[in-house]
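Remarks on the overall topology
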Amino acid sequence: MEYEFHFVVDGIEVDDDKAVAIVHDTFDGVLTRHRGRHFLDVSESGVNAIDAAHRIVVRLRKSLPALRLVRTDPDLVGVSDIAERVDRSRQNVQQWVSGERRQDKLPFPDPEGITGRSPVWRWGDVNAWLAQFDEGDEVHPPTREEALTIDFLLPKWQRTLDDGLPLVHFAAAETGDGRDEERETVQRLLEGTLALPGVLERIAAIPVPRTEQQRLTVVCAVLPDRLSSVVSRIGHDEVWAVLAYQGAEGELRLQPVGTADAPGAIPVSRLGLGRDATVGDLLLVQTNGPDDIPVTPITPVGLD
């Protein structure tokens, strides 16, 4: 899904022709200045708004190292603005706000504040509400809750990149099969491990030729999860990820995995595993052989 972000930024200016060209040509974005502040409009795809923000932070840092994302800026709209954007009458929108119409759906979002005597809303919240009726924008701005999460994470993400470390993106191998809590346990165990000094540096040093060195996808899984499900969580612009799971003794295990396009990986077919192989099958191979192929926990494997 495509998400649209409106950031308050620092470190670049509209008078910098090179920076403006990169924003336009590389990101199809717009850099503006208003009352001494600079704003960046840019979009990015992701499985959700947080993932899309995670991606765009990495991409922007790579192309514009001096850029600092200060916070998201809400796109505030009143009744008239909403009516214009969705091609409805002002009276129609007012009926949504008051709950006179579409009472069988989720209530209209709470306003963000009052301007003069009129309430205003975040367009992201309104757009999410309209999605119930297949209306609104195809490009989605973050909701208030998503924007607050992004604003909280922005400083941490940027400090991590300043330290030369990759941003870690967590994903679950599968969902909705009754094992979600077990995968969340793996993620909590991993988060605690990553907080220890030097651990992230060692993970980032795993010898796999990642195409994007500033982003590291970690897929949290349990032994019955299929390797194909793990690989499916690798981003559209990536060929590598790190598989995290608990071994037979409850220990945390990390394994580089890749797509069929991942260079330098040992194909799972050479390990005697098929496309339906599970994480547990890979653990057995690591533990028991085959003897002629090294399959230590840091050996990259790819799904062929």
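Residues numbered from 1 in each chain as written. Predicted model: local features only at pLDDT ≥ 70, side-chain atom pairs only at ≥ 80, totals over all residues. Heavy atoms only, no water.

Another point: the domain arrangement of the chain. How big an interface is tends to be expressed through the accessible area that disappears when the partners come together. Here the chain is described as being made up of domain 1 (2-74), domain 2 (76-132) and domain 3 (166-302). Each of domain 1 and domain 3 has a C-alpha centre, and these two points are 31 Å apart. On the domain 3 side, the residues contacting the eight residues of domain 1 number ten residues. Its largest share of buried area at the contact with domain 3, domain 1 owes to His-54, Arg-55 and Val-58, together 63% of the area lost on that side. Here domain 1 and domain 3 share one salt bridge between them. (Domains from an automatic or database assignment. Contact = heavy atoms within 4.5 Å. Buried area = accessible area lost by both parts, 1.4 Å probe. Salt bridge = Lys/Arg side-chain N within 4 Å of Asp/Glu carboxyl O.)

Let us look at helix H3 (residues 79-86). Taken together, the buried positions of H3 are occupied by Val-79, Ile-82, Ala-83 and Val-86. Projected onto a plane normal to the axis of H3, the buried residues spread over an arc of 100° and lie on a single side. Among the residues trailing H3, Asp-87 stands out with phi positive, at a value near 60°. (Buried < 20%, exposed > 50% of the residue type's maximum accessible area, 1.4 Å probe, protein only. Helix = DSSP H or I, 4+ residues; strand = E, 2+ residues; numbered from the N terminus. Arc of directions from axis to C-beta.)

Taken together, the three strands give an open sheet; going across it, the order is S5-S7-S6, and neighbouring strands pair in antiparallel fashion. Because the sheet does not close on itself, it has two edges, and the strands there are strand S5 (76-77) and strand S6 (113-115). Where S6 and strand S7 (residues 118-122) come together, three bridges link them in antiparallel fashion. Its bridge partner lying in S7, Ile-114 is registered against Pro-119. (Pairing = 2+ DSSP bridges.)

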